[in-house]
Amino acid sequence: MLIILFICIYKNSKVAPATNTSLIIHCDNFKSVARALTIVENDLKGADQLLKGLNFDKSTPVIGITGPPGAGKSTLVNALIAKLASQDKKVAVLAIDPTSPFNFGSLLGDRIRMASHFNHPNVFIRSLATRGSLGGLSAKTIEMTDVLRAAGFDYVLIETVGVGQSEVEIAGLADITFVVLVPEGGDEIQNIKSGLMEIADAFIVNKTDREGADLFANNLKKMVQQKGAEIPVFKTIASENKGIVEIVDFILNSAEKKNSHKEYLLAEKAYKLIQQKRMGNINKIELYQMVLKASQEPGFNIYSFAEKFSDI
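Everything in this summary refers to the structure shown in the same document.

1. Topic: the pairing of strand 1 (residues 62-66)
Consideration 1: In terms of burial, strand 1 is largely enclosed, as five of its five residues are buried.
Consideration 2: Of the two faces of strand 1, the one lined by Val 62, Gly 64 and Thr 66 and the one lined by Ile 63 and Ile 65 are each fully buried.
Consideration 3: Looking at chain direction, strand 1 and strand 4 (residues 155-159) are connected through four bridges and run parallel. Along strand 4, the bridge assignment pairs Ile 65 with Glu 159.
Consideration 4: By the bridge criterion, four bridges tie strand 1 to strand 5 (residues 176-181) in an arrangement that is parallel.

2. Quick look at the pattern of salt bridges
Consideration 1: Scanning all chains against the criterion turns up eight salt bridges.
Consideration 2: With its nearest N and O atoms 3.1 Å apart, the salt bridge here joins Arg 126 to Glu 41. Placement of Arg 126 in strand 3 (residues 123-129) and of Glu 41 in helix 2 (residues 30-41) is noted, with a sequence separation of 85 residues between them. Neither Arg 126 nor Glu 41 differs from the other in exposure class; each is buried.

3. Remarks on the nonpolar core
Consideration 1: Ranked by internal contacts, the top residues of the largest apolar core, which has 30 residues, are Ile 25, Val 33, Leu 50, Val 147, Leu 148, Phe 153 and Ile 158.
Consideration 2: Of all elements in the fold, only helix 2, helix 3 (47-52), strand 2 (91-97), strand 3, helix 5 (139-150) and strand 4 reach the threshold of two or more residues within this core.
Consideration 3: Contact partners of Ile 158, with chain neighbours within four places excluded, come to Val 62, Ile 63, Gly 64, Ile 65, Leu 94, Ile 96, Thr 145, Ile 170 and Leu 173.
Consideration 4: By size, the runner-up hydrophobic cluster in this structure holds 29 residues, among which are Leu 76, Val 77, Ile 204 and Ala 238.

4. Considerations on the side chain of Glu 143
Consideration 1: Note on placement: Glu 143 falls in helix 5.
Consideration 2: With relative accessibility at 7%, the residue Glu 143 sits in the buried group.
Consideration 3: Filtering out sequence-adjacent residues up to four positions away, Glu 143 remains in contact with Val 40, Leu 51, Leu 273 and Gln 276.

5. Here we look at the sheet that holds strand 1
Consideration 1: As summarised here, the arrangement of the seven strands in space is 3-2-4-1-5-6-7, forming an open sheet in which the pairing is parallel. In this open sheet, the two strands that pair with only one neighbour each are strand 3 and strand 7 (233-235). In this sheet, adjacent strand axes meet at a mean angle of 20 degrees when their direction is disregarded.
Consideration 2: Sheet topology places strand 2 next to strand 4; five bridges connect them, and they run parallel. Paired with Ala 92 across the two strands is Val 156, which belongs to strand 4.
Consideration 3: Sitting on the sheet, helix 5 is in contact with strand 1, strand 2, strand 3 and strand 4, with an inclination near 170 degrees to strand 2.

The rules behind each value
Residues numbered from 1 in each chain as written. Predicted model: local features only at pLDDT ≥ 70, side-chain atom pairs only at ≥ 80, totals over all residues. Heavy atoms only, no water. Buried < 20%, exposed > 50% of the residue type's maximum accessible area, 1.4 Å probe, protein only. Helix = DSSP H or I, 4+ residues; strand = E, 2+ residues; numbered from the N terminus. Pairing = 2+ DSSP bridges. Salt bridge = Lys/Arg side-chain N within 4 Å of Asp/Glu carboxyl O. Core = buried A, V, L, I, M, F, W, Y, C linked by side-chain atoms within 4.5 Å. Contact = heavy atoms within 4.5 Å. Axes fitted to C-alpha atoms, helices over the stretch in contact; angles between N-to-C directions.

This is the structure:
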């Protein structure tokens, strides 16, 4: 009943379009930030002008947290928020949840673990659906991250959906990327693909109070060394705030360093934005209905069907 009521309220609520393209967005005014994010996320009137008018007066590091489901990413983010906010840092968080390919909805439940920070004056938290992006990032993630950067936050944290080894897109957005793993991964270390190794600025072995944690962390360190990479491996128990200080120190010391992925970052962002513009007039729900109808016709061929959209 509560869920149905929320959906009804959401559907019947109206967000005023951006009539003033010079909307002042600042981290000291969360309402202005929230309104700007809503305008951008929903492509309301004035969204393009708002994005083109963003000013980045300050270099705000974007920190990506990725890894397999169940690794404790949300709990880790919660602990990082507490530590950074306690140092009088303005922190913004984008918590990304997967969009269902069947009903096109998203639970947006990651914020439950961050409930203790909802009323903190230095913390802004926003949930976002992947909108069908398999790698966990959408063009909207890029745009909304830039809104938060322009607002003047000290740090922007992005918690990805956690699709494991395929989640390398975060390197195209984050200045610092943490890959979170758990001891239960076991032989998974041997199967970590080169893409994930290349995007990680640091590995975090979480839930190290579990059996085999030290062996897992040591094997991971050996593998990193064998590849000749200088990537630190941190051990944490995020639920108990253990090991968090070391990660925050790493963030503070790395924030001013030149991002080695800078060129890739810009190209990846441009690719996603161009992709969104070219696919903007294709509605997934309508596409589903069209495919359903076409598939019932004799001689249906998915490649011939897709070719109809090639010139759009």
